[in-house]
Amino acid sequence: MKPITTLEENILLSIYNLKDNAYLVSIMEYLHENAGLKLAIGSVFAPLDRLYKKEYLTVENGSPSPKVGGRAIRYYHLTDAGIEALRARQEVINSMWTGFNTMRSES
Amino acid sequence: MKDRAIPKFGATLLRLFIHPMDREHVLAAFDDKFALVCEREGWKSAHLWFWAQVLQSILPFIKIILIWSVEMFINYLKVTLRNIKKNKIYSLINISGLSIGMAGFMVFAFIAGTNFHADEFHEHAERIFGIVVQSRTQENDTRHSTYISGPLLPTLLNEYPEIEAGVNIMPAGRLTVKHLNDNFFEENVLFADSNFFTFFSFKMIQGDTESVLADPFSIVLSEAAAEKYFGSTNSVGKFLTINKDIELRITGIFKIPEGSSSLQFSMVISMDSAPAFGRELDNWEFAGYSAFVRLPDGFNKDDLESQFEVFKERFIPDSEDEIESIYLFPLLDFRLESNYMSTLMLNTMKGDQYGFMAIGIVLLLVVSINFTNLSTTRYMSRVKEIGIRQVVGARRSQLIRQFFGESFIFALLSLPIAIIFFHIFMTAYAITFLPDARSTNFFTEHTYVFKYVLKAALGVGFLSGLYPALFLSSLNPVAAFKGTPIRSRSGIVTRKMLVTLQFVFSVILIVLSITLEKQFDYLVNANLGFGRNDVGALQIAGLKEPNITRLKSDLLQRVDVISASISVNVPVWWTNEMGVVSENGTINRSMTFDVYGVDNSIVETLDLNVISGKDFGEDSYKQGNVLINKAAVDYFEWANPIGKRLKYGGITGTVIGVVNDFQFRYVGNPRMMPSILYVDKQNPNYLLIEAQTPSQLSSVSGFLKDNWNEYSSDIPFSFLTLDNHFNDKYTYINTLAILCKITGGLAVFFSCLGLLGLVSYTVERKTKEIGVRKVLGASLYDVTMIFLKDFLILIGISYLISIPLSYWLSDSLIKLAWSRYNTDIGTGTFMIAVFFTLGLTLIAVFSQTMRAANANPVDSLRDE
């Protein structure tokens with residue numbers, strides 16, 4: 001299992017939450033709205049490409065639509081490995097934050 | 001709707017940076033978002049947004065591409081390494097072949113590169129110029145010379161403040177260095193201005209670059225000289241006695257890059273000390289200096305040169321030889337372009353260097369062909385891999401890239417090995433015949449060799465990959481799986497052509513090396529018009545007069561000495577050109593003659609023949625009488641030359657006799673030089689001694705050495721035989737022959753390797769045919785002949801091309817270089833080349849076919 005970065009984590013979570021409507025633009029918007037990240041298309045595409053190569057994502061080409069100049073939009077879905085990676089990430093975060101939470105409750 | 005699409009230009013731009021697989025959907029995303037922004041904020045801000053997006057996105061896109069190509073490369077590397085592991089012998093042959101070839105190329109690149117990159121180690125070398133004077137001699141000759149008078153440079157610097165810096169140097173001629181009780185000659189000593197070491201960038205090992213030459217009577221030694229006299233380089237502060245009584249203080253030790261510096265010297269003495277050696281500093285009449293100037297960055301030298309006309313008129317006094325113009329010659333051009341002038345800078349012929357480079361490149365071609373041959377041989381076993389790649393969707397361009405990638409990887413893997421081979425060759429072997437290889441650190445001083453070899457490696461990678469990439473990638477996958485590729489016929493033809501080409505190169509190189517060897521032998525034994533095998537030369541420069549006469553008469557009393565004669569120089573590689581005109585002659589234009597200063601017994605000592613007139617003799621031995629050779633008579637077209645008067649170098653001489661043609665100078669001169677022998681009493685530099693037989697020269701030399709103290713106490717004893725001296729001077733031909741022989745040997749080796757591959761490939765393809773033939777009753781002889789015939793035709797074709805070509809090449813080479821003294825190439829040379837290559841061909845063919853022919857036909861026929 002290859003670990004993922006925070007950006008990759010955010011992207012995977014966006015795809016998960018967007019369900020069947022996860023493509024470049026929607027992911028970008030989602031990241032903007034929920035995480036406050038303002039990213040360029042290229043900057044979103046690069047980690048997507050990476051995640052795809054790590055096999056955390058599958059792709060599905062939509063039917064060409066006139067709305068986007070007759071081009072086909074590509075939708076992303078999480079694979080099991082992707083979900084696994086998110087879980088692993090969550091565990092890391094949880095274990096890292098444990099001490100912090102305890103300290104807060106003590107004070 | 002159309003307005004909602006992203007700008008066309010932007011789309012094209014983006015396409016460039018996106019991998020084809022992702023282009024569509026990424027552009028779709030851009031479109032989508034663009035439309036969205038358009039709707040929300042209007043067309044204008046959408047454009048603004050778009051371009052901002054493009055700018056921000058390009059970098060990540062490029063990153064992705066880079067990652068992709070690295071991954072592709074890693075994939076090729078993996079496949080290649082896997083192949084290397086799988087076929088160890090094949091890879092070993094390939095890599096060693098490539099590295100040997102590249103190492104050989106490096107040797108030639110080093111030889112030529114030393115000259116191409118000469119003097120580049122100086123800081124600001126491209127802004128340094130030598131001052132050259134073009135003058136017209138009294139005999140109406142145009143001369144270019146870097147030798148100028150001493151005050152010229154200071155005046156120039158004074159007049160033109162735009163000149164950044166300038167340095168005056170002056171060769172000191174031959175000095176005698178006294179050390180302990182021995183005396184040594186030092187030839188390469190310079191006087192130089194105090195800024196010499198800051199102007200040029202010679203490396204100072206000890207001493208302060210700025211001040212080593214600041215004080216009078218300082219001397220800076222080369223590392224080699226310091227070791228010669230003091231046994232160590234730690235000699236700063238010690239003293240050296242020069243010319244009997246001049247004491248010079250050693251202030252520094254420098255290191256001079258051998259080969260890459262055109263200025264070669266072993267010691268530098270501060271210019272202020274020159275008067276002590278009898279040199280005048282402010283004499284406009286004495287042109288013994290050389291000067292270099294450095295111009296500011298971006299300054300055009302033509303701007304300065306155009307003012308020299310006025311400068312010349314104002315400052316330079318009239319002299320015997322009229323100065324026509326002064327110009328600046330780039331420091332970096334001296335090595336290759338300064339042949340036409342007289343200069344103290346080392347120079348060489350440009351053509352020779354290109355010749356070296358060409359031999360190196362031929363070697364690279366041969367190894368590239370070898371690689372091509374071998375990889376095509378292995379092509380059968382790789383057909384399936386290629387087929388699978390094609391089936392799973394590899395495009396042709398990808399396959400091409402893969403094969404190129406493979407050959408590049410092979411070439412690059414061979415590179416470090418080549419460098420190691422090169423280094424071993426240079427340090428262990430080349431020092432015996434390449435002076436530049438001595439005391440050279442290739443990794444720091446000759447970095448251009450590595451630049452060349454890197455280019456060579458890339459070139460080899462490209463050339464070797466070319467044929468496999470284009471040929472193997474065009475396979476039909478179906479045929480590939482069947483194992484019998486449709487286009488194998490054209491493959492065979494190409495490979496046959498390549499092997500033929502290799503043999504052509506091999507034969508040419510063999511013929512060339514044999515010719516050069518014969519040429520050397522020829523020159524060693526050539527009759528140059530004078531007897532030299534029983535003559536030795538003793539250095540007597542500096543010997544006082546009564547001693548010279550006593551020495552000469554002592555020698556003549558010995559039974560083993562026939563005669564002795566005083567001369568200005570040694571009659572081997574002796575050039576002393578002067579413009580000569582005949583008094584009252586029909587020809588007014590001067591002609592370049594060689595003018596030799598000798599004494600009255602020269603004819604006897606060198607066994608010259610007096611054709612007409614008389615020898616100097618005791619009575620006619622007086623100044624102004626000259627002997628000329630037949631070429632001079634022919635030039636003037638004199639029916640009766642005796643008594644004619646000649647003008648040379650401001651002197652008039654009367655011809656008293658004519659001798660046969662002789663060649664004291666370098667034998668490469670295209671015509672027999674008309675020459676003058678005159679009696680010179682001013683410069684007794686050598687005593688030429690003729691012994692009864694060549695072997696008695698050693699006893700004469702022994703006698704002289706033992707009794708040397710009786711004649712001189714402060715001049716070093718130095719004796720050489722003309723034969724040895726001659727061989728030393730011409731030994732570079734041998735060097736060339738050795739280099740050609742090594743290259744030729746390698747070429748033959750690789751050709752045979754290629755042939756072996758070709759034979760085994762054909763044998764493999766014809767296994768069944770052999771089986772059938774044997775079953776039908778063919779004998780071993782019949783089977784062998786099937787193959788042999790093929791290859792004999794092949795090699796025959798290569799002879800048809802190579803023999804005339806190599807004859808023409810070798811013949812024109814030796815005629816060009818040693819015009820009148822060239823050997824016959826002779827049929828023997830070609831016989832050797834033919835037998836050698838033919839023999840190896842036969843061995844290669846037999847070794848492969850015998851195996852196939854001896855095999856039991858059942859084995860080859862069973863598998864169907």
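A quick note: this is a predicted structure, and the numbers were derived from the prediction, not measured.

Novice: Would you mind going over the overall build of chain A in detail, with residue names and values included?
Specialist: The number of helices and strands found in chain A is four helices and two strands. Along its sequence from the N terminus, chain A presents helices and strands in the succession α-α-α-β-β-α. Looking at chain A as a whole, 39% of its 107 residues are labelled buried. In chain A, the share of contacts with a sequence separation of at least 24, taken over all contacts with a separation of at least 6, comes to 54%.

Novice: A description of the packing of helix H3 (residues 43–86) of chain B against helix H13 (residues 396–429) of chain B should follow, citing residues and the corresponding values.
Specialist: Residue and element names in this part refer to chain B. It is at 9 Å that the axes of H3 and H13 come closest, and there the two elements cross at 65 degrees. With respect to the hand of their crossing, H3 and H13 are arranged in right-handed fashion. Only Gln398, Arg401, Gln402, Glu406, Ile409, Phe410 and Leu413 of H13 make contact with H3, whose side of the interface consists of Met72, Phe73, Tyr76, Leu77, Val79, Thr80, Leu81, Asn83 and Ile84. Each residue belonging to the contact of H3 with H13 can be placed in one class, and the counts come to 10 nonpolar, four polar and two charged.

Novice: Residues and numbers for the environment of Leu213(B), please.
Specialist: Residue and element names in this part refer to chain B. Along the chain, leucine 213 falls in the loop between strand E7 (203–206) and strand E8 (218–222). A relative accessible area of 1% means that leucine 213 is categorised as buried. Taking the C-alpha atoms as reference, leucine 213 lies 8.3 Å from valine 268; in sequence the two are 55 residues apart. Ignoring any residue separated from it by four or fewer positions in sequence, one finds leucine 213 in contact with Ala192, Asp193, Ser194, Phe196, Phe197, Ser218, Val220, Val268, Ile269 and Ser270.

Novice: So what about the sheet that holds strand E24 (residues 719–721) of chain B? Which residues, and what values?
Specialist: All names here are of chain B. One open sheet accounts for four strands, arranged E15-E23-E14-E24; its pairing is antiparallel. With partners counted over all chains shown, the strands left at the sheet margins are strand E15 (561–567) and E24, one partner each. The average undirected angle you get between the axes of adjacent strands in this sheet is 20 degrees. The strands touched by helix H22 (residues 722–765) within the sheet are strand E14 (535–539) and E24, with E24 carrying the most contacts at an inclination of about 75 degrees.

Novice: Can you tell me about the interface of chain A and chain B, naming the residues and giving the values?
Specialist: The extent of an interface is frequently quoted as the accessible surface area lost upon association of the parts. Every contact between the two is made by 22 residues of chain A and, on the other side, 24 residues of chain B. Overall, the association of chain A and chain B removes approximately 2,100 Å² of surface from exposure, summing both partners, and the carbon and sulfur fraction of that is 61%. Looking at the side of chain A facing chain B, the largest losses of area belong to Ile41(A), Phe45(A) and Arg71(A), adding up to 29% of the total buried there. If you look at where chain A meets chain B, you find two salt bridges. One salt bridge connects Arg40(B) with Glu29(A), and the closest N-O pair in it is separated by 3.4 Å. Our count for the contact surface shared by chain A and chain B stands at seven residue pairs in polar contact (both at pLDDT 80 or more). Contributing elements (two or more residues each) for the side of chain A that touches chain B: helix H2 (24–35), helix H3 (41–53) and strand E2 (74–78) of chain A. The greatest single-element share of the side of chain A that touches chain B, amounting to seven residues, is contributed by H3(A). Per-class residue counts for the side of chain A that touches chain B are 13 nonpolar, three polar and six charged.

Novice: Just give me the short version of the confidence of the model for chain B, but keep the residues and values in it.
Specialist: All names here are of chain B. Here chain B averages 84 in pLDDT, while 93% of its residues score no lower than 70. Across chain B, strand E12 (residues 290–294) holds the top mean pLDDT of 94, while helix H16 (residues 477–482) sits lowest at 66. If you check the scores for this complex, the pTM reads 0.73 and the ipTM reads 0.76.

Novice: Requested: an account of empty space enclosed by the protein, with residues and values cited.
Specialist: Residues and elements named next belong to chain B. Under the definition given, this model contains five cavities of 30 Å³ or more. By volume, the largest cavity is sized at about 100 Å³. Lining the largest cavity are 12 residues, with Ser375, Arg378, Arg382, Phe403 and Glu406 positioned closest to its centre. In terms of residues, the lining of the largest cavity owes the most to one element, H13, which gives four residues. Looking at the lining of the largest cavity, its residues break down into seven nonpolar, two polar and three charged.

Novice: Lay out the packing of aromatic side chains in plain terms, naming residues and giving numbers.
Specialist: What the rule picks out here adds up to 51 aromatic pairs over all chains. An angle of 20 degrees between the planes, with centres 5.8 Å apart, marks the rings of Phe196(B) and Phe202(B) as stacked. Phe196(B) sits in the buried class, given a relative accessible area of 0%. Seen from their ring centres, Phe329(B) and Phe334(B) are 4.9 Å apart, and the 65 degrees between their planes marks the pair as edge-to-face. A connected cluster of aromatic rings, assembled from ring pairs, spans Phe121(B), Phe196(B), Phe197(B), Phe199(B), Phe200(B), Phe202(B), Phe254(B), Phe265(B), Phe292(B), Phe329(B), Phe334(B) and Tyr340(B). Just above the ring of Tyr16(A) sits the side chain of Lys19(A); from NZ or CZ to the centre is 5.7 Å. The ring centre of Phe726(B) lies 3.7 Å from the NZ or CZ of Arg532(B), which sits over that ring.

Novice: Mind laying out the pattern of salt bridges, listing which residues take part and the relevant values?
Specialist: Opposite charge on two side chains permits them to pair, given that their charged atoms come into close proximity. Summed over all chains, the structure comprises 26 salt bridges over all chains. Several salt bridges converge on common partners, so that one network encompasses Arg127(B), Glu164(B), Arg294(B) and Asp297(B).

Novice: Outline the side chain of Ser563(B), listing residues and values.
Specialist: All names here are of chain B. Within the secondary structure, serine 563 sits in strand E15. Here threonine 605 takes part through its side chain, which lies 2.8 Å from a polar atom of the side chain of serine 563. Ignoring any residue separated from it by four or fewer positions in sequence, one finds serine 563 in contact with Leu556, Glu604, Thr605, Leu688, Ile689 and Glu690.

Conventions used here
The residue numbers shown here count from 1 along each chain, following its written sequence. Each chain takes a letter, starting from A, and each ligand takes a number, starting from 1, following the order in which they are written. A pLDDT threshold of at least 70 governs which residues receive local features in this predicted model, and a stricter bar of 80 or more applies before side-chain atom pairs are shown or counted, although totals over entire chains, interfaces and linings include all residues. The side-chain values count all of the structure's non-hydrogen atoms but skip hydrogen atoms and water molecules. Starting at the N terminus, helices and strands are each numbered in turn, a helix being any DSSP run of H or I of at least four residues and a strand any DSSP run of E of at least two. Each residue is placed in one exposure class: buried if its accessible area under a 1.4 Å probe, protein chains only, is under 20% of its type's maximum, exposed if it is over 50%, and partly exposed if it falls in between. Whether two residues are in contact is decided by their heavy atoms: any pair within 4.5 Å suffices. Axis definition: a line fit to C-alpha positions, over the contact stretch in the case of helices; interaxial angles, taken between N-to-C directions, run 0 to 180 degrees. Note on convention: near helix rotated counterclockwise from far helix by under a right angle means a left-handed crossing. Clockwise means right-handed. Amino acid classes used here: Ala, Val, Leu, Ile, Met, Phe, Trp, Tyr, Cys and Pro are nonpolar; Asp, Glu, Lys and Arg are charged; the rest, including Gly, are polar. The rule for pairing is simple: two strands pair if DSSP sees at least two bridges between them. Using a 1.4 Å probe, buried area is obtained as the accessible area two parts lose upon being combined, added over both of them. Only one rule defines a salt bridge in this text: a Lys or Arg side-chain nitrogen within 4 Å of an Asp or Glu carboxyl oxygen. Here a polar contact is taken to be a pair of N or O atoms separated by no more than 3.5 Å, where protein atoms must pair a possible hydrogen donor with a possible acceptor and residues adjacent in sequence count only if both atoms sit in side chains. pLDDT is a residue-level measure of predictor confidence that goes from 0 to 100. Grid points spaced at 1 Å and placed over the protein atoms alone form the basis of the search, with a cavity being a set where a 1.4 Å probe fits but cannot get out and a pocket an open set showing protein on both sides within 12 Å along at least five of seven lines. Lining residues have an atom within 4 Å of a point. Grid points are joined across faces, edges and corners, and a volume is the space filled by probe spheres set on the points. Between the rings of Phe, Tyr and Trp (Trp by its six-membered ring), a pair exists once the centres lie within 6.5 Å; its type follows the angle of the planes, with under 30 degrees stacked, over 60 edge-to-face, and the other angles tilted. A ring is considered to have a charge above it if a Lys NZ or an Arg CZ atom is located within 6 Å of its centre and within 35 degrees of its normal.

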